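Structural overview
Each chain, letter by letter, is given below.
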Amino acid sequence: MSFQTTLQISGMTCGGCAARVDRALTGADAVQSASVNLAGETANVTLRDAADLPQVADTLAQAGYPARTSEAVLQVSNMNCGSCVGRVEQALSAVPGVLSASVNLAAETAHVRYLTGVTDAAALTAATAQAGYPADLSQGGDARDRSEEKAQEAQVLARDAIVAGALTLPVFVLEMGGHLFPAFHHWIAHTIGMQTSWLIQFALVTLVLIGPGRRFYRIGLPALAKGAPDMNSFVALGTMAAYVYSLVATFAPALLPEANRAVYFEAAAVIVTLILLGRWLEARAKGRTGAAIRALLDLQVREARVERDGEQVTVAVEALQTGDVIVIRPGERVPSDGEVIDGATRVDESMLTGEPAPVAKGAGDTVTGGTVNGAGSLRIRATAVGRDTVLAQIIRMVEDAQGTKLPIQGMVDRITLWFVPAVMVAAALTVLVWLVFGPDPALTLALVAGVSVLIIACPCAMGLATPTSIMVGMGRAAQMGVLFRKGDALQKLGAVKVVALDKTGTVTQGRPELTDLVTLGDWSRADLLAHLAAVESRSEHPIASAITRAAKTERVAPATLEEFDSITGHGLSGLVDGRRVLVGAERLMTREGIDMGDHADTALALARKGRSALFAAIDGQLAAVIGVADPVKPGSRAAIAALQAQGLWVAMITGDGEATAQAIAAEVGIDQVIAGVLPDGKQAALDDLRRHGTVAFVGDGINDAPALAAADVGIAIGTGTDVAIEAADVVLISGDLRGVVNAHHISRATMTNIRQNLFWAFGYNVALIPVAAGVLYPALGLMLSPMLAAGAMALSSVFVLSNALRLRRLRPVMDEGQGAPAHPLQEAHA
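Rules of the game
Residues numbered from 1 in each chain as written. Predicted model: local features only at pLDDT ≥ 70, side-chain atom pairs only at ≥ 80, totals over all residues. Heavy atoms only, no water. Helix = DSSP H or I, 4+ residues; strand = E, 2+ residues; numbered from the N terminus. Buried < 20%, exposed > 50% of the residue type's maximum accessible area, 1.4 Å probe, protein only. Contact = heavy atoms within 4.5 Å. Areas by Shrake-Rupley, 256 points an atom, 1.4 Å probe, with all protein chains shown as cover. Pairing = 2+ DSSP bridges. Axes fitted to C-alpha atoms, helices over the stretch in contact; angles between N-to-C directions. Salt bridge = Lys/Arg side-chain N within 4 Å of Asp/Glu carboxyl O. UniProt positions renumbered as here; feature names shortened; annotations may be inferred. Core = buried A, V, L, I, M, F, W, Y, C linked by side-chain atoms within 4.5 Å. pLDDT = per-residue confidence, 0-100. Phe/Tyr/Trp six-rings, centres within 6.5 Å; stacked < 30°, edge-to-face > 60°. Parallel < 35°, antiparallel > 145°, perpendicular 65-115°, else oblique.

The protein appears in an unreviewed UniProt entry as Heavy metal translocating P-type ATPase from Lacimonas salitolerans.

Turning our eyes to something else, we now look at the overall build of the protein. Summing up its helical and strand segments, the protein has 30 helices and 29 strands in all. Across the 830 residues of the protein, 54% fall into the buried class. Restricting the contact set of the protein to residue pairs at least 6 apart, pairs at least 24 apart contribute 69%. When the accessible surface of the protein is summed, it comes to about 34900 Å², and 56% of that surface belongs to carbon and sulfur atoms.

It is worth spelling out the side chain of S747 at this point. Examined against the element boundaries, S747 turns out to sit in helix α27 (residues 738-773). The class of S747 is buried, set by a relative accessible area of 0%. For S747, the residues in contact, after removing those within four places along its chain, are L490, L493 and G494.

Another point: the sheet that holds strand β5 (residues 98-104). Backbone-to-backbone hydrogen bonds join strands into a sheet, with any given pair of strands oriented parallel or antiparallel. In space, the four strands of this open sheet follow the order β5-β6-β4-β7, with antiparallel pairing throughout. Of all the strands in the sheet, the pair left with one neighbour each is β5 and β7 (135-137). Recorded for the sheet is a direction-independent mean angle of 25 degrees between the axes of neighbouring strands. Bridge analysis of strand β4 (residues 69-76) against β7 gives three bridges, and the strand direction is antiparallel. Its bridge partner being in β7, L74 is matched across the sheet by L137. Along the sheet, helix α4 (residues 121-130) contacts β4, β5, β6 (109-115) and β7; its crossing angle with β7, the most-contacted strand, is approximately 165 degrees.

So, about the sheet that holds strand β9 (residues 311-316). Across the sheet, which stays open at both edges, the six strands sit in the order β9-β8-β10-β16-β11-β14 with antiparallel pairing between neighbours. In this open sheet, the two strands that pair with only one neighbour each are β9 and β14 (366-367). Across four bridges, the pairing between strand β10 (residues 325-328) and strand β16 (residues 378-384) is antiparallel. Note that in β16 the partner of V327 across the bridge is R379.

Here we take up the pattern of salt bridges. Applying the stated criterion across every chain, the model contains 18 salt bridges. Between D160 and R159 there is a salt bridge whose closest N-O contact spans 3.2 Å. Note on D160: relative accessible area 10%, which makes it buried. For R591, the salt bridge goes to E592, with nearest N and O atoms at 3.2 Å. On the basis of relative accessibility, which here comes to 36%, the residue E592 falls in the partly exposed class. Among the ionic contacts, a cluster of salt bridges with common partners joins R159, D160 and R215.

Below, the discussion takes up the UniProt feature "transmembrane region" (unreviewed entry) in the protein. When the UniProt feature table is mapped to this numbering, "transmembrane region" (unreviewed entry) covers residues 161-181, 187-210, 231-256, 262-281, 415-437, 443-466, 758-780 and 786-805. Helix makes up 88% of residues 187-210 and strand makes up 0%, while its end C-alpha atoms are separated by 31 Å. As a span, residues 758-780 carries 87% helix and 0% strand, and end to end its C-alpha atoms are 30 Å apart.

Within the largest apolar cluster, 129 residues are counted, with the highest numbers of intra-cluster contacts made by L124, F484, L501, I715 and L737. Here the element with the most residues in this core is α27; it accounts for 12 residues. The contacts of L737, once residues within four sequence positions are left out, are L501, T506, V507, S636, A639, I640, V698 and I717. Core analysis: the next-biggest nonpolar cluster, separate from the first, contains 27 residues, L517, A534, I543 and V583 among them.

Put simply, the protein has an average pLDDT of 81, and 88% of its residues get 70 or more. A low-confidence stretch, residues 720-724 stays under pLDDT 50, and its non-local contacts, those more than four residues away or across chains, total 15 contacts. Here residues 817-830 is a poorly scored stretch, pLDDT under 50, and it has 36 contacts once near neighbours within four places are set aside; other chains count.

For the coordinates displayed, the defined rule picks out six aromatic pairs. Relative to F265, the ring of Y243 lies with its centre 5.9 Å away and its plane at 65 degrees, an arrangement referred to as edge-to-face. Taken together, the residues span a long stretch of sequence, with Y243 in helix α9 (residues 231-251) and F265 in helix α10 (residues 265-289) at a distance of 22 residues. Here Y243 falls in the buried class, since its relative accessible area comes to 15%. For F265, a relative accessible area of 0% puts it in the buried group. Through successive ring pairs, a cluster of aromatic residues spans F202, Y243, F251 and F265.

Before going further, it helps to spend a moment on the packing of helix α23 (residues 636-645) against helix α24 (residues 658-668). For the pair α23 and α24, interaxial distance at closest approach is 8 Å and the crossing angle is 70 degrees. One way to sum up the angle between α23 and α24 is to call them roughly perpendicular. Contact residues: S636, R637 and I640 in α23; A666, E667 and V668 in α24.

Quick look at the structure:
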């Protein structure tokens, strides 16, 4: 049966484009017919089957005219275990037009990418509801609301667990008390009688099952009827089996052999109570997994003071518009990104950069929303508001990364999708084997074994093992200023063997500075700088900027410039306070007949250190030897040593000459230098480095996009304004290489945590399912009680969540600041 739809095409600008799109579509095997509309930028296509849509989308992308896509995040209800994840993904993937669906059990979200116009959010939510998992479209950035919902859910579960526990305790005492203390059993028999005891248990357990335990039947039985059983189905089947068996023993005992007349009311009640207790602990732990996002959201300001019609008015931050003039008082948080109009202060930007020292701000400087103003007042003009601010981008980036699925999770989902039906079969076979081969009372032992298998085998821990670690690990990374833009980068970065560094702006500051000023003759440093700054102030060369900056830093006012001349390829000449000043390379001094003496050797020594050597002459006499260089960032050497200590090979790729590159490499301790590389040659350099293993490339995120994209893991290093770099897999908010060390440490720690969780989750099921089935009974006479199975199952999920939450205590390997925490959120949420 054919499927007809309309695709929205991007990139078509002329009739030739339309013809190429038409040719690409009609050439695709899956397409029966196609009609391209250039004006509407659409293509009406008829396919053999709706399942061919992803193939058609790939065809269009390869032709250079990709179909437009949209993304939606759904908040999904009723997901309890790993098998639920697979079913929700299957339901979403079956919707025509869906290209990918990734479900996160810990966050209870589904990230869906679909072809625009082919389907919509309503169809997606309808598909999940049909599968038994109602969903709502998430508005994004609503982590506060979700955390409140989780808190309310935890409160409801706590209440139900308490009610179930209060009703279960008498049942447990009446039934198990006799097994533990035979005298108590005889006392019950001689007072109220065993039949009355069973009737009391029946009444109390019925209240447990129709009250706090109702949720398991309301969700589990419909899922079972649809052929898609989940954890709730296991609990419902197990407790119903124990309850119905006990009903027969209580009200129709003649139907059972005398040896099998016993009740298991306490098993049904305790199972419900323990699982509710486990879910309460699980809900509390899940609430803490989103602590990092909530901490970032708390940095957002709710109100701002804006100048409107000559008056200051307070407005909600959502009402801010680009261009608004905002007044910020001392101690207040900055409500949006902006540019300072007037005022002077120091702003605490540690929430972005990790640097604890406040940054001076004045007219013309930029400020970022969420940072904290110091003692001064500011007037700023808003340059980005709402979802466009740096902080909002960070929050979206972390939420998106937390919702992604690592390659390792795909394997887990495939296993858990088939695990539940396999357990149902295992439970049925267990009952059958006990009925056929078991000793008396075979029916009772079969019931105990079957219920235990059902309860203990629930794959909750499997489904939670990976996403909880991802959520906590990525949130912790954000608190350290490390943003994983792509989820799989978290897994790849931990496997990296080589770290390749760009030089300029990554290892070094990215702009030249005056590093050496050797004065000659009677010239003092201040007088010489005043003359040099006067001449260099008329040049736009980066070296000139370095000299004028040095004079400004040392509070040296430039002397009076009377004449100026730029000598192409040589340097500068000027008349300063009546003196002829020359500044330039050695060839300028030679051309002007300046006696160099033995100072050419001084210049050579500077060059060996990676400095650019210049000379200054005043009135025909050599007055100074000048060294200018792009200085190494303060933390580079320590960061590179830390990377090497983690077993990584560190290389530097630069377009600089060999001598300068080797000088920098020697200064910071780099293992390998690849110098003289043009931007388009960095990819070949990365390919060469891959002989050592998986390669991460670290660049400034602006000029290194090809290399960032070509590397196995691209790490953009820069300031908060670089958070939207599209080519990078990982973004470091601060401009410090120490962030790379922390990123690698976080990746390894998170992947180790995931492996621990998976080992526990799978090992737990592999080890205990046979025990629950009764494999130890022939040799040791031991049977696993359904009550113990329920407790072990609940504790399994709690263990996985608790282990993931240990990542919140992860400390940075290297602090961004000197002797200070790398990020202000660390101490508050460690």
